[in-house]
Amino acid sequence: MKVKIRKGDTVEIISGKLDDKGKRGEVIKVIPDKSRVVVSGINIRTKHQKAVQTQGRTLNPGRIKFEGPIAISNVMLVCPKCSETTRVAIQRDEAGSHRVCKQCHALID
Ligand SMILES: [Zn+2]
């Protein structure tokens with residue numbers, strides 16, 4: 001399956017964890033090998049870090065918040081033109097392939 005979601009796209013969470021469902025965020029990372037994406041502000045996890053000694057410095061213990069990856073199938077692209085969640089069509093021309101919104105037919109790239 002070709003990944004049609006790219007870094008910088010806005011996506012809406014359509015399934016998965018209840019707290020995140022319906023939220024929108026910007027794609028900050030695409031992991032094509034695992035069919036996963038990392039979306040800004042979605043699937044926030046907290047990592048507890050113990051105090052560690054590195055090179056003579058002590059890093060403070062604490063909680064680090066970070067976004068965990070989610071399955072691409074749980075997100076849907078939001079068209080930047082019509083703000084609707086949409087599937088995209090691929091249109092090809094001399095310049096290459098472009099994504100087209102199936103709702104408003106705007107060129108997304
Ligand atoms: Zn559109």
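Residue numbers restart at each chain and count upward from 1, following the sequence in its written direction. Per-residue local features are limited, in this predicted model, to residues with pLDDT of at least 70; the limit for side-chain atom pairs, both in listing and counting, is 80 or more; totals at the level of whole chains, interfaces and linings are taken over all residues. The side-chain figures draw on all heavy atoms in the structure; neither hydrogens nor water molecules are used.

Another point: the coordination of the zinc ion. Reference geometry at the metal: tetrahedral coordination by four donors gives ideal angles of 109.5 degrees; octahedral coordination by six donors gives 90 or 180 degrees. Coordinating donors are taken as N, O and S atoms within 2.8 Å of the metal, stretched to 3.2 Å for Na, K and Ca; because water is absent from the atoms, sites can appear incomplete. Donor atoms from the polypeptide that coordinate the zinc ion comprise Cys79 (SG), Cys82 (SG), Cys101 (SG) and Cys104 (SG), at 2.2 to 2.3 Å from the metal. Any coordination sphere not matching a tetrahedral pattern (four donors, all angles between 85 and 135 degrees) or a square planar or octahedral pattern (four or six donors, opposite donors over 155 degrees apart, other angles between 65 and 115) is reported as irregular. Bound by four donor atoms, the zinc ion shows angles of 104 to 114 degrees at the metal and therefore tetrahedral coordination geometry. Along the chain, the residues that donate to the zinc ion are spaced as C-x2-C-x18-C-x2-C. Residue Cys79 is found in the loop between strand S9 (75-78) and strand S10 (85-86), and its partner Cys101 is found in strand S12 (residues 96-101); the two are separated by 22 residues along the sequence. Exposure is judged per residue with a 1.4 Å probe applied to protein chains only, and the accessible area is read against the type maximum: over 50% gives exposed, under 20% gives buried, and values in between give partly exposed. A residue is classified by how much of its surface remains accessible, and Cys101, at 1% relative accessible area, is buried. The helix count covers DSSP runs of H or I at least four residues long, the strand count covers runs of E at least two residues long, and both are numbered beginning at the N terminus.

Now for the sheet that holds strand S1 (residues 10-13). With antiparallel pairing, the six strands of this open sheet are ordered in space as S8-S3-S2-S1-S9-S10. The two strands at the open ends of the sheet, each matched to only one other strand, are strand S8 (70-71) and S10. At least two bridges found by DSSP between two strands is the condition for calling them paired. Strand direction decides the pairing type here: strand S2 (residues 24-31) and strand S3 (residues 36-39), joined by four bridges, are antiparallel. Note on S3: the bridge partner recorded for Lys29 is Val38.

Further remarks concern the nonpolar core. For this analysis, a nonpolar core means a set of buried residues of the types Ala, Val, Leu, Ile, Met, Phe, Trp, Tyr and Cys, connected via side-chain atoms within 4.5 Å. Ranked by size, the top nonpolar core spans 10 residues in total: Ile5, Val11, Ile13, Val27, Val37, Val39, Ile42, Ile70, Ile72 and Val75. Of all the secondary structure elements, the ones that give two or more residues to this core are S1 and S3. With five residues, the next largest nonpolar core counts Leu77, Cys79, Val88 and Cys101 among its residues.

Let us now look at the side chain of Arg99. Mapped onto the secondary structure, Arg99 falls in strand S12. We classify Arg99 as buried; its relative accessible area is 3%. A polar atom in the side chain of Arg99 sits 2.8 Å from the side chain of Asp9. Note on contacts: a residue pair is in contact if any heavy atoms of the two residues lie within 4.5 Å. When residues no more than four places from it in sequence are discounted, the contact partners of Arg99 are Lys4, Ile5, Arg6, Asp9, Leu77, Val88, Ala89, Ile90, Ala106, Leu107, Ile108 and Asp109. Under this definition, polar contacts are N or O atom pairs within 3.5 Å; protein pairs additionally need one hydrogen-donor-capable and one acceptor-capable atom, and for neighbouring residues in sequence, both atoms have to be side-chain atoms.

Quick look at the pattern of salt bridges now. A pair is scored as a salt bridge if a Lys or Arg side-chain nitrogen falls within 4 Å of a carboxyl oxygen belonging to Asp or Glu. For the structure shown, the criterion picks out three salt bridges. One salt bridge in this structure joins Asp9 and Arg99, with 2.8 Å as the shortest N-O distance. Taken together, the positions of Asp9 in the segment before S1 and Arg99 in strand S12 put the pair 90 residues apart, joining distant regions of the chain. Residue Asp9 shares its accessibility class with Arg99, and that shared class is buried. Notably, a salt bridge pairs Glu12 with Arg24, separated by 2.7 Å at the nearest N-O pair. In this pair, Glu12 is assigned in strand S1 and Arg24 in strand S2, connecting sequence segments 12 residues apart.

Mapped onto the elements, Leu107 comes out in the segment after S12. The sequence separation of Leu107 and Ile5 amounts to 102 residues, and the corresponding C-alpha distance is 14 Å. When residues no more than four places from it in sequence are discounted, the contact partners of Leu107 are Lys81, Gln91, His98, Arg99 and Val100.

Honestly, that's just the spatial picture; any functional story needs more than this.
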